[in-house]
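If you want the building blocks of each chain, they are given just below.
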Amino acid sequence: MKHKYLPIILIIILFSCTEKKENSSLNPENWSKRTVNLKASDSLEYGKSYLSIYSQIYSMSEHTTHNLTSMVSMRNTSESDTIYLLRAEYFDTHGKSVRKYFDAPIFLAPMETTEIIIDEVDVSGGTGSNYILEWKIPRNCPEPLFEGIMTSTMGQQGLSFTTHAKRIE
């Protein structure tokens, strides 16, 4: 009779030991390693881009949503020039700011890429989330490329699609 409760105790211990996963959307890479001090009198060209991103999409009806992992890919397309990102701000479906990713300008070396990941469990942006990305580039330098990549897998089914930023200023 002593061992009658052993399987139940083992099951309780097994399920109570699950590790809480950190939401990496809230702890992005250390942007301070990329910080630069830009002078107001520089000869760099200013630009602003809008990128739609989806942390959720509708599934079967407007009452059912499906969560997605989203990646904002920020790419320097120049082979020779460093570019500067001034702002990467995430907005929700209702246009409210969710978070800013860095407080000072950061650099991207020639042909370098950096990403922002929105975890599948982070649904703070909703179905109509988006980014505003502000940047500066040297004259005659190609513009940066900003893309959104959304993915999800459930069982043996996978879903993925991309969005591309549009320059708005």
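Please refer to the structure placed before this passage.
Residues numbered from 1 in each chain as written. Predicted model: local features only at pLDDT ≥ 70, side-chain atom pairs only at ≥ 80, totals over all residues. Heavy atoms only, no water.

(A) Examining the overall build of the protein more closely. Scanning the protein from N- to C-terminus turns up 1 helix and 12 strands. Scanning the protein from its N terminus toward the C terminus, one meets helices and strands in the order α-β-β-β-β-β-β-β-β-β-β-β-β. Within the protein, the proportion of its 169 residues that are buried is 36%. Sequence-distant contacts in the protein: of pairs separated by 6 or more residues, those separated by 24 or more amount to 76%. (Helix = DSSP H or I, 4+ residues; strand = E, 2+ residues; numbered from the N terminus. Buried < 20%, exposed > 50% of the residue type's maximum accessible area, 1.4 Å probe, protein only. Contact = heavy atoms within 4.5 Å.)

(B) The pairing of strand 8 (residues 113-118), seen in detail. Side-chain alternation along strand 8 places Thr114, Ile116 and Ile118 on a buried face and Thr113, Glu115 and Ile117 on a face that remains uncovered. As paired strands, strand 4 (residues 69-75) and strand 8 are joined by 6 bridges and run antiparallel to one another. Pairing of methionine 71 across the sheet is with isoleucine 117, part of strand 8. (Pairing = 2+ DSSP bridges.)

(C) Representation of unusual backbone geometry within the structure. The residue methionine 111 is not glycine, and still its phi comes out positive at about 65 degrees. Checked against the element boundaries, methionine 111 lands in the loop between strand 7 (106-108) and strand 8. What makes methionine 111 exposed here is its relative accessible area of 51%. Positive phi outside glycine occurs at asparagine 140, with the angle close to 65 degrees. When you line up the elements, asparagine 140 lands in the loop between strand 9 (130-137) and strand 10 (145-154). Under the relative-accessibility criterion, asparagine 140 is labelled exposed at 80%.

(D) Examining the nonpolar core more closely. The biggest cluster of nonpolar side chains holds 23 residues, and the ones touching the most others in it are Met74, Leu85, Tyr101, Ile116 and Tyr131. Elements supplying a minimum of two residues to this core: strand 4, strand 5 (83-91), strand 7, strand 8, strand 9 and strand 10. (Core = buried A, V, L, I, M, F, W, Y, C linked by side-chain atoms within 4.5 Å.)

(E) The sheet that holds strand 10, seen in detail. In space, the 4 strands of this open sheet follow the order 8-4-10-11, with antiparallel pairing throughout. Because the sheet does not close on itself, it has two edges, and the strands there are strand 8 and strand 11 (157-164). Averaged over all pairs of adjacent strands, the angle between their axes in this sheet comes to 20 degrees, without regard to strand direction. (Axes fitted to C-alpha atoms, helices over the stretch in contact; angles between N-to-C directions.)

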